[in-house]
Amino acid sequence: MTKRFFASLALIFLTLAALTAQAPAGKEELKLKLPKPMFIGTPTNLKSANLEAITGKSRGPFYVPAGTVLLSAKKKVTSSDTQPVIGELDMITDGEKSGGDGYFVELGPGPQWVQIDLGASRALSAILAWHYHSQARIYRDVMVLVSDDPAFKTGVTTVFNNDHDNSSKMTVGKDKEYIEVAEGKLIDPKGAKGRYVRLSSNGNTTNDLNHYVEVEVYGLPK
Amino acid sequence: MTRAVAGALVALALTAGLALRTARLTERPMHHDEANQAVKFAALLERGEYRYDARDHHGPTLYYLTLPSAWLRGQHTLALLDEATLRGVPVVFGAATILLLPLLSAGIGRTAVVTAALLMALSPAMVFYSRMYIQEALFACFALAFVIGVGRVATGGGFAWAAMTGVAAGLAMATKETAAIVVPSAVAAAAIAWWSVGAGRPPNALIGRHLRRATLVGLAAAAGVVALFYSSFFSAPAALLELFRAAGTYLDRGIDPSSHIQPWHYYLQLLTYSASGGLRWSEGLVLALAVVGTIAAWQRSDGSSSGSSFWPRYLAGDVVIAGGIFSAIPYKTPWNLLPFYAGAFALAGVGFATLVSKERSRLVRVLVAGALAAGSVHLGWQAWRAAITYAADPRNPYVYAQTVPDAVRMAARIRHLSALHPDGARMQVSVIAPPSEQWPLPWYLRGMPNVGYWTAPGDVLALQAPVIVSSLEHAPALEQALGDRYVSEYFGLRPELLLAVYIDRGLWDRFLATARPGSEDPGATRELDARPTRRLSAVRGAPVFRPGRTAAERVP
């Protein structure tokens with residue numbers, strides 16, 4: 001009886017806490033439009049130092065500086081693979097996030113990158129990337145870099161790197177690998193500033209190819 | 001079309017077919033069935049051991065016919081075998097299947113034969129499965145040889161053809177148990193075609209008192225070949241009885257399968273049109289021409305003595321009967337379409353020859369020929385994509401439960417780690433996974449003698465290895481047991497099937513040191529010990545390390 005009472009009390013408390021949750025001062029919740037999930041059955045019992053825990057639940061709110069907007073919509077995309085196997089590079093910033101056929105661009109095998117030109121240097125609040133979410137996959141050596149140099153030779157900020165085995169021979173990535181899901185991978189650039197955002201990968205657990213459904217870069221407009 | 005022109009065109013088709021069948025032959029990761037066949041073959045290669053298994057693995061021809069390939073390449077152990085040696089065997093039989101088609105010249109004409117050879121050479125399905133170390137390419141070759149043989153006997157081929165037909169039947173039966181479908185289908189189709197042509201039947205010296213002798217010659221040849229192979233060249237005569245036990249196994253699996261269940265139109269749909277992940281595939285050209293050939297076959301009423309009505313009707317009947325039976329069986333895998341699809345190419349040839357011969361306008365004939373050429377180029381392009389570009393991609397409809405490239409990287413990682421370990425290639429590796437998730441690791445780790453296989457965690461011996469491969473099912477238990485002493489990685493085995501790899505932290509640190517810019521990569525510079533080793537031998541006090549395998553886990 002006592003156990004049940006305390007359990008009910010905890011449940012009420014947690015519900016109220018969720019309802020009354022507020023954004024930290026000067027921040028607001030990033031409102032995202034997410035695609036429908038394309039597959040079920042991702043193992044949820046995986047716990048590993050090198051793989052993001054799969055909870056099977058939604059990610060929860062992510063807070064960004066007030067006034068944050070989507071900077072990457074319809075922006076120019078370039079790539080190490082100038083002739084994608086399937087699709088066009090502009091599909092990466094066209095706002096279509098469906099996991100179905102016809103919504104992704106397929107780049108060649110091995111290490112490949114795509115680069116979004118935001119048009120001007122901006123302080124970034126969030127980067128959301130979908131590689132291919134119609135199948136449970138892990139993309140290899142995912143790196144997200146920000147710079148004002150289109151060649152990424154100077155002033156490069158690494159905001160994400162899960163090249164845990166240093167196969168790219170740059171540096172050992174400390175971020176975890178993750179299984180692709182419909183809500184995409186949310187990366188916190190922690191205010192990193194730059195005009196260009198480059199995302200790279202090196203095949204995936206299903207094939208050697210690289211895919212992008214959509215990339216969204218959020219930041220302050222000025 | 002003159003014989004010389006036809007011969008040249010068939011040679012051209014064969015060249016194109018061989019190019020598609022051999023290009024980058026070793027690149028596709030070994031399918032778990034290929035790996036399983038390779039390990040079974042290695043027992044024959046290394047120790048001369050072969051015993052027919054009524055529950056699995058199909059017939060013995062694949063293994064015995066791989067011996068010359070291994071001997072020619074100087075490979076006498078599993079550790080020394082490579083993909084080219086193994087896959088070279090189905091390549092040879094895939095090409096031989098094309099070379100069987102000219103034997104139909106007298107029955108369907110040279111134009112039809114050349115068309116059939118071209119389409120078969122470029123067909124994505126025929127190309128893809130001729131590059132796979134499974135029984136199918138051999139079986140399709142023997143099945144088509146039998147079909148041709150039955151037709152030749154029916155149209156006056158004599159005793160030599162009866163014997164050849166028996167040998168083909170025997171080889172088909174010694175290759176795959178589904179010969180029980182293919183052989184009667186051909187005989188039934190021949191009987192129907194024979195009956196249907198009525199007065200147009202070709203003269204046949206065997207009809208009458210010689211028929212019984214010809215039948216006995218064929219049966220004796222078939223029985224001899226079957227006995228030879230199934231008894232392991234008479235070293236195990238009792239194994240012949242296993243054939244009868246196998247009949248029950250495959251009957252149960254076909255009618256009441258626990259997996260691989262597909263609708264009746266599976267093969268038809270696969271060949272007609274399929275699309276997945278932005279890729280589109282179709283062998284509709286072959287099917288459309290085969291339909292034209294079938295219609296033409298049953299419209300012919302010329303009653304000529306050349307057998308021109310018999311052959312198209314016979315081929316159409318065979319494709320329809322065998323294809324119908326395979327389609328009616330709930331258990332389906334894509335490569336099972338080969339034995340009846342091989343006959344469809346001859347029928348497609350008949351269809352094209354009919355279209356060309358019926359048209360009097362030279363311009364229209366040229367246009368039809370141009371359409372065939374364009375369609376053939378499209379088929380060849382698809383075959384390249386199927387066999388090379390998307391050879392292991394699940395969007396490729398010919399790919400089925402295929403090992404993904406990530407699994408090859410996993411094996412390379414393990415070999416790389418062993419090069420950094422004091423024991424080298426003799427480093428212990430524990431694989432803790434159900435049998436279906438162990439393959440094709442025994443192939444990729446064949447140069448490492450101390451690889452142990454467990455189906456469940458719990459054995460202390462398994463947990464003492466510096467590298468442990470685990471199914472995700474056992475990953476939580478292993479994470480708990482191994483703690484911080486191990487670093488984990490994940491690798492794909494098949495689409496949507498991952499394996500976890502646990503690496504001793506000290507070994508991982510040594511590995512990372514080699515991954516720094518400018519550091520030497522031991523995996524690239526130090527060859528693993530590939531000397532002949534005892535396969536999957538035991539480490540101290542351990543049980544013999546063998547990968548698990550049960551009949552239900554293999555895809556026949």
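Refer to the preceding data block for the structure.
In short, a report on the structure. (Residues numbered from 1 in each chain as written. Chains lettered and ligands numbered in written order. Predicted model: local features only at pLDDT ≥ 70, side-chain atom pairs only at ≥ 80, totals over all residues. Heavy atoms only, no water.)

**With respect to the sheet that holds strand β5 (residues 467–471) of chain B**
All names here are of chain B.
Point 1. Read from one edge of the open sheet, five strands run β4-β3-β5-β7-β6, paired in mixed fashion. Lying at the two open borders of the sheet, with one neighbouring strand each, are β4 (451–454) and β6 (486–494). Ignoring strand direction, the axes of neighbouring strands in this sheet form an average angle of 20 degrees.
Point 2. When strand β3 (residues 429–432) meets β5, the two strands line up parallel, connected through four bridges. Looking at β5, one finds that Val431 is bridged to Val469.
Point 3. Packing of helix α21 (residues 475–482) onto the sheet brings it into contact with β3, β5, β6 and β7 (497–504), and relative to β5 it is tilted by some 150 degrees. (Pairing = 2+ DSSP bridges. Helix = DSSP H or I, 4+ residues; strand = E, 2+ residues; numbered from the N terminus. Axes fitted to C-alpha atoms, helices over the stretch in contact; angles between N-to-C directions. Contact = heavy atoms within 4.5 Å.)

**Here we look at the interface of chain A and chain B**
Point 1. With 34 residues of chain A in contact, the opposing surface of chain B contributes 34 residues.
Point 2. Taken over both partners, the interface formed by chain A and chain B buries close to 2500 Å², and the fraction arising from carbon and sulfur atoms is 50%.
Point 3. Counting the surface chain A buries against chain B, the share from its top three residues, Asp165, Lys169 and Thr206 of chain A, is 20%.
Point 4. Our count for the chain A to chain B interface comes out at four salt bridges.
Point 5. Partitioned by chemical class, the residues of the side of chain A that touches chain B number 15 nonpolar, eleven polar and eight charged. (Buried area = accessible area lost by both parts, 1.4 Å probe. Salt bridge = Lys/Arg side-chain N within 4 Å of Asp/Glu carboxyl O. Nonpolar A, V, L, I, M, F, W, Y, C, P; charged D, E, K, R; others polar.)

**What about the packing of aromatic side chains?**
Point 1. Tallied over the full model, the rule gives 24 aromatic pairs over all chains.
Point 2. Judged by centre distance (5.5 Å) and plane angle (70 degrees), the ring pair of Phe93 of chain B and Phe142 of chain B falls under edge-to-face. Taken together, the positions of Phe93 of chain B in helix α4 (residues 83–100) and Phe142 of chain B in helix α8 (residues 136–154) put the pair 49 residues apart, joining distant regions of the chain.
Point 3. Positioned over the ring face of Tyr178 of chain A is Lys185 of chain A, at 5.1 Å from the centre of the ring.
Point 4. Of note, Arg198 of chain A hangs over the ring of Trp113 of chain A, and the distance from its end group to the ring centre comes to 3.7 Å. (Phe/Tyr/Trp six-rings, centres within 6.5 Å; stacked < 30°, edge-to-face > 60°. Lys NZ or Arg CZ within 6 Å of the ring centre and 35° of its normal.)

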